[in-house]
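Now for the letters of each chain:
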Amino acid sequence: MQRTLILVKPDGVQRSLIGQIISRFEQRGLKLVGMKFLQMSQALAEQHYAVHAARPFYQSLVSYITSGPVVAMVWEGKDAIAAARSTMGATNPVAAAPGTIRGDLGMEIGRNLVHGSDSPENAEKEVNLFFSEAELVAWARSADPWIRE
Ligand code: DAT
Ligand code: MG
């Protein structure tokens with residue numbers, strides 16, 4: 001079982017796409033185990049994007065993610081990380097396949113609507129950055145046998 005951290009970035013919130021973005025993960029069959037609406041601090045953004053600190057676009061990344069509130073979620077499931085990333089689509093929305101969040105709703109890399117963890121190691125770090133263990137809910141979903149064999 002994997003957990004992945006998903007963020008609806010400030011453009012998704014400002015464009016009233018929160019519900020639509022959450023629906024995509026929900027309908028795919030991932031299980032929601034944590035969710036909060038927050039304004040990320042500069043410090044949290046810098047920690048979250050620490051892996052990109054050396055990249056030329058780092059400063060704009062931090063200012064974008066702190067430019068307004070975000071929705072932070074933890075979604076759980078077997079292969080949750082890869083499933084969530086395929087639902088998100090390629091990093092650059094122009095290259096993202098139609099049917100994906102970025103491919104359907106986005107036009108450029110600096111406004112790509114969602115974040116999703118890219119590996120089990122980063123997922124664990126990112127989940128712990130946004131959520132305490134007590135904020136994550138263990139629950140049985142009645143549809144599970146219809147989603148997983
Ligand atoms: P992803 O968000 O698909 O995991 P990433 O982790 O490689 O992509 O990069 C983090 C974010 O940084 C990405 O959502 C958008 C931005 N970004 C990545 N590559 C970029 C580039 N070449 N120019 C500008 N922004 C970029
Ligand atoms: Mg990434």
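**Brief notes about the layout of surface pockets**
(1) Moving on: Reported here for the largest pocket is a volume of approximately 490 Å³.
(2) Moving on: In this structure, the largest pocket is lined by 23 residues; those nearest its centre are Lys-9, Tyr-49, His-52, Leu-61 and Thr-91.
(3) Moving on: Secondary structure elements with two or more residues in the lining of the largest pocket: helix H4 (58-65), helix H5 (80-88), strand E4 (114-116) and helix H7 (120-130).
(4) Moving on: Sorting elements by how many residues they give to the lining of the largest pocket places H4 first, with three residues.

**What to know about the site of ligand 1**
(1) Moving on: Inspection of the region around ligand 1 gives Lys-9, His-52, Arg-55, Phe-57, Leu-61, Arg-85, Thr-91, Arg-102, Ile-109 and Asn-112 as its neighbouring residues.
(2) Moving on: Take His-52: an N or O atom from its side chain is 3.1 Å from an oxygen atom of ligand 1.
(3) Moving on: Contact between ligand 1 and Arg-102: an oxygen atom at 3.1 Å from a side-chain N or O atom of the residue.
(4) Moving on: Here ligand 1, which alone exposes 520 Å², has 76% of that area covered by the protein.
(5) Moving on: Under a 2 Å grid-point criterion requiring more than half of the atoms, the pocket assigned to ligand 1 is the largest pocket.
(6) Moving on: Per-class residue counts for the shell around ligand 1 are three nonpolar, three polar and four charged.

**Considering the packing of helix H2 (residues 18-28) against H5**
(1) Moving on: Direction vectors running N to C along H2 and H5 enclose 135°, while the axes themselves pass 10 Å from each other. By the angle between their axes, H2 is oblique relative to H5. Once H2 is placed against H5, the crossing between them reads as right-handed. Residues Arg-24, Phe-25 and Arg-28 of H2 form the contact with H5, whose participating residues are Ala-83, Ala-84, Ser-86, Thr-87 and Met-88.
(2) Moving on: Taken together, the residues of the contact of H2 with H5 sort by class into four nonpolar, two polar and two charged.

**Focus on H7**
(1) Moving on: Listed as buried for H7 are Asn-122, Ala-123, Glu-126, Val-127 and Phe-130. Take H7 and look down its axis: the buried residues cluster within an arc of 130°, on one side only. Exposed residues on H7 whose side chains face more than 90 degrees from its buried face are Glu-121, Glu-124 and Lys-125.
(2) Moving on: Lining the buried residues of H7 we find strand E1 (2-8), strand E2 (31-38), helix H3 (42-48), strand E3 (70-77), H5 and E4.

Conventions we followed
Residues numbered from 1 in each chain as written. Chains lettered and ligands numbered in written order. Predicted model: local features only at pLDDT ≥ 70, side-chain atom pairs only at ≥ 80, totals over all residues. Heavy atoms only, no water. 1 Å grid on protein atoms, 1.4 Å probe; cavity = no way out; pocket = protein on both sides within 12 Å on 5 of 7 lines; lining within 4 Å. Points joined across faces, edges and corners; volume = space filled by probe spheres on them. Helix = DSSP H or I, 4+ residues; strand = E, 2+ residues; numbered from the N terminus. Near = heavy atom within 4 Å. Polar contact = N/O pair within 3.5 Å; in protein donor to acceptor, adjacent residues only side chain to side chain. Areas by Shrake-Rupley, 256 points an atom, 1.4 Å probe, with all protein chains shown as cover. Sits in = over half its atoms within 2 Å of the grid points. Nonpolar A, V, L, I, M, F, W, Y, C, P; charged D, E, K, R; others polar. Axes fitted to C-alpha atoms, helices over the stretch in contact; angles between N-to-C directions. Parallel < 35°, antiparallel > 145°, perpendicular 65-115°, else oblique. Left-handed = near helix turned anticlockwise from the far one by under 90°. Contact = heavy atoms within 4.5 Å. Buried < 20%, exposed > 50% of the residue type's maximum accessible area, 1.4 Å probe, protein only. Arc of directions from axis to C-beta.

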